[in-house]
Amino acid sequence: MTRSTFVVVLAAGEGTRMRSSRPKPLHHLCGRPMVLYVLDAATHDEVRATVVVVGHGATWVEKALTERARADVHLTFVEQYEQLGTGHAVSVALPTIEDESAGADGDVLILPGDTPLLRASTVGSLLDQHRQSQAALTVLTAFVQDPSGYGRIVRDKDGSVARIIEERDATSSERAITEINTSIMVVRKSLLGPALRRVDRQNAQNQYYLTDLIAVLHDTGHVTQAVLLEDSTEAQGVNDRLQLAEAEAVLRTRINERWMKRGVTMWDPAHTYIDADVQLAPEVSLLPGCVLKGHCVIQRGAQLGPHANLTDVYVGENAKVGTVEATRAHVGADATVHSFVVLIPGAKVASSEVVAPFEYRTR
């Protein structure tokens, strides 16, 4: 029988290195708040409940996720009023999980809200391997060339994970370890509460580290293991604007590759920018420099560009749109909109209509 999964997404951090009033989980990548990618990765059939731990900008985060999360994902929000560490954040979520589960056992999947490159297939593999091995805790790890800033994986002689040591608390030999903690783990629900109660704040940051769960469970005889992440970029967190740009570049490549495999032609994929919620039909042709934002819908056979800049625009079948600036506009099938045209919100181009260069279409 399939075990139930309870998801906890940690989205309470302030993200001071972003230097922004916007809560870190809501910074956009390809037109969507980064935490939505994490929620998508955690959407699996056996998920019984998803709890999002909020803190800084809690109301803002709750509103954004309620409005934009997938309809098939039911979210419950709990607020971490004091920022006492990741272990404390999960403790705050635990009563909600207990209420949802009504005493049933299962597994708790814990995800940071700032890892937007994580794939759903990776989460599925992590859950499968955790259950097949009947482990108490399974952590997702990766080998990286530069482990700076990450917790290091310390293994026992039998290869099991004995503990995770945070960089601030590590010795010089421990800092030389290149296997790092991704902050993504699965824990047996019945063991999570008792183990969390044994976690203390005796560390450099005076916080309750979630990673201390490994040592607690390992030292009491439970199986604690790691699943190695094949593509270490999936574990890349976003803590500042540089990392935000790096993550967006990866996502844009994924988006472009997906559409090209579905029959979309891109003359220059490196200079074609498509948001995550854009919809493209087969045989669409995108010339260099196209920027498609928001909820654009581009139908079969349409040709855009070069340097078309469209936001929430519908383009009908076989239409041609040149170097055009358009927002919330409608272009009918077989229409031609020549270059250097501006279509303001609400503008409509009829089917087979031709719009001359330098026109400013208002309706």
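Summarised in this report is the structure supplied together with it. Note that the coordinates shown come from a computational prediction; the quantities given were computed from them, not determined experimentally. (Residues numbered from 1 in each chain as written. Predicted model: local features only at pLDDT ≥ 70, side-chain atom pairs only at ≥ 80, totals over all residues. Heavy atoms only, no water.)

### Looking at the packing of helix α6 (residues 189-196) against helix α7 (residues 212-219)
This is how the line gets drawn: In this description, a line fitted to the C-alpha atoms serves as the axis of each element, helices being fitted only across the stretch in contact, and the angle between N-to-C directions of two axes falls anywhere from 0 to 180 degrees. In DSSP terms, a helix is any run of H or I states spanning at least four residues, a strand is any run of E spanning at least two, and both are numbered starting from the N terminus. Angle categories are assigned with fixed cut-offs, so that under 35 degrees is roughly parallel, over 145 is roughly antiparallel, 65 to 115 is roughly perpendicular, and the rest are oblique. Contacts: residue pairs with any heavy atoms within 4.5 Å of one another. Ten residue types, Ala, Val, Leu, Ile, Met, Phe, Trp, Tyr, Cys and Pro, are classed as nonpolar, four, Asp, Glu, Lys and Arg, as charged, and the remainder, Gly among them, as polar.
Interhelical geometry of α6 versus α7 gives an angle of 105 degrees and a closest axis separation of 10 Å. The angle between α6 and α7 places the two elements in the roughly perpendicular class. Only L213, V216 and L217 of α7 make contact with α6, whose side of the interface consists of L191, L192, A195 and L196. For the contact of α6 with α7, the residue count by class is 7 nonpolar, no polar and no charged.

### Topic: the layout of surface pockets
Heads up, the condition is: Cavities and pockets were defined on a 1 Å grid built over protein atoms only: a cavity is a set of grid points that admits a 1.4 Å probe from which the probe cannot escape, a pocket is an open set flanked by protein on both sides within 12 Å along at least five of seven lines, and lining residues are those with an atom within 4 Å of any such point. Grid points are joined across faces, edges and corners, and a volume is the space filled by probe spheres set on the points.
Taken as a whole, the largest pocket holds about 1,500 Å³ of empty space. R17, K24, T86, D114 and N239 are, among the 45 residues lining the largest pocket, the residues nearest its centre. Elements represented by at least two residues in the lining of the largest pocket include exactly β1 (4-11), α3 (86-101), β6 (106-112) and β10 (179-188). Residue classes in the lining of the largest pocket are distributed as 15 nonpolar, 22 polar and 8 charged. Taken as a whole, the second largest pocket encloses approximately 350 Å³ of empty space. The set of elements that each furnish at least two residues to the lining of the second largest pocket consists of α1 (34-41) and α8 (241-261). Considering each element in turn, the lining of the second largest pocket owes the most residues, 4 residues, to α8. Among the residues forming the lining of the second largest pocket, the class breakdown is 8 nonpolar, no polar and 5 charged.

### Concerning the nonpolar core
In plain terms, the rule: Here the nonpolar core consists of buried residues drawn from Ala, Val, Leu, Ile, Met, Phe, Trp, Tyr and Cys, with membership extended through side-chain atoms lying within 4.5 Å. Remark: exposure states derive from per-residue accessible area (1.4 Å probe, protein chains only) relative to the maximum for the residue type, with buried under 20%, exposed over 50%, and partly exposed in between.
Counting residues in each nonpolar core, the largest one holds 44 residues, and the members touching the most others are L286, L292, I298, L304, L310 and V315. Mapped by element, the contributors of at least two residues to this core are α1, α8, β22 (324-327) and β25 (341-343). In terms of residue count, α8 provides more of this core than any other element does, 5 residues in total. Excluding residues that lie within four positions of it along the chain, L304 makes contacts with S285, L286, L287, C290, L292, I298, L310, V315 and V321. Core analysis: the next-biggest nonpolar cluster, separate from the first, contains 34 residues, V38, A42, V123 and I180 among them.

### Quick look at the environment of H74
Mapped onto the elements of the fold, H74 is located in the loop between α2 (58-68) and β5 (75-79). Taking the C-alpha atoms as reference points, H74 and A49, separated by 25 residues in sequence, lie 6.9 Å from one another.

### Focus: the packing of aromatic side chains
Our working definition: Each Phe, Tyr or Trp ring, with Trp reduced to its six-membered ring, pairs with another whose centre is within 6.5 Å; inter-plane angles below 30 degrees give stacked pairs, above 60 give edge-to-face pairs, and intermediate values give tilted ones. Counted as over-ring charges are cases with an Arg CZ or a Lys NZ within 6 Å of the ring centre that also lie within 35 degrees of the ring normal.
A full pass over the atoms with the stated rule returns 1 aromatic pair. Plain terms: the ring middles of F340 and F358 are 5.3 Å apart, the flat faces sit at 15 degrees to each other, and that makes the pair stacked. Taken together, the residues span a long stretch of sequence, with F340 in the loop between β24 (336-337) and β25 and F358 in the loop between β27 (354-355) and β28 (360-361) at a distance of 18 residues. We note R32 situated over the ring of Y37; from NZ or CZ to the ring centre the distance is 5.0 Å. The side chain of K189 reaches across the aromatic face of F6, ending 5.9 Å from its centre.

### Some details on unusual backbone geometry
The residue after G305, namely P306, is reached through a cis peptide bond having omega 5 degrees. Not every positive phi belongs to a glycine, and Q134 is a case in point at roughly 55 degrees. With respect to the element layout, Q134 can be found in the loop between α4 (120-133) and β7 (137-143). Positioned with a positive phi, F340 is a non-glycine residue whose angle comes to about 65 degrees.

### Things to note about α8
Defined as follows: Under the convention used throughout, the expected extent of a helix is 1.5 Å for every residue step, that is, one less than its residue count. Here a polar contact means two N or O atoms within 3.5 Å. Within protein one must be a hydrogen donor candidate and the other an acceptor candidate, and residues neighboring in sequence count only if both atoms are side-chain atoms.
With 21 residues, α8 extends 30 Å between its outermost C-alpha atoms, agreeing within 8% with the 30 Å of an ideal straight helix rising 1.5 Å per residue. Buried residues of α8: L244, A247, E248, L251, R252, R254, I255, N256 and W259, and no others. Where the residues of α8 are buried, they touch β2 (28-29), α1, β12 (265-266), β13 (273-274) and β14 (279-280). By the N-cap criterion, in which a side-chain oxygen at the helix start approaches the backbone nitrogen of a residue two or three places on, α8 is capped by D240, the distance to L242 being 3.2 Å. The first or second residue beyond α8 is G263, which carries a positive phi of 105 degrees.

### What to know about the pattern of salt bridges
Inclusion rule: We count a salt bridge whenever a side-chain nitrogen from Lys or Arg sits within 4 Å of a carboxyl oxygen from Asp or Glu.
Within the structure shown, the criterion is met by 16 salt bridges. Ionic pairing is found between R70 and D72, a salt bridge with its closest N-O pair at 2.9 Å. Residue classification places D72 among the exposed positions, given a relative accessible area of 54%. E248 is the partner of R252 in a salt bridge, and the nearest nitrogen-oxygen pair spans 2.6 Å. Here R252 and its partner E248 are both found in helix α8, 4 residues apart, which amounts to about one turn of the helix. Residues joined in a network through salt bridges with shared partners are R32, D40, R68 and D277.

### Overview of the side chain of Q236
Among the secondary structure elements, Q236 is positioned in the loop between β11 (224-228) and α8. Among the residues examined, Q236 registers a relative accessible area of 17% and is labelled buried.

### Examining the sheet that holds β14
This is how the line gets drawn: Here, strands pair whenever DSSP counts at least two bridges between them.
Read from one edge to the other, the open sheet built from 5 strands follows the order β14-β17-β20-β23-β26, with strand pairing classed as parallel. The two strands at the open ends of the sheet, each matched to only one other strand, are β14 and β26 (348-349). In terms of strand pairing, strand β23 (residues 330-331) meets β26 through 2 bridges, oriented parallel. In the sheet register, V331 faces β26, and the bridge partner there is V349.

That's the geometry; what it means functionally is another story.
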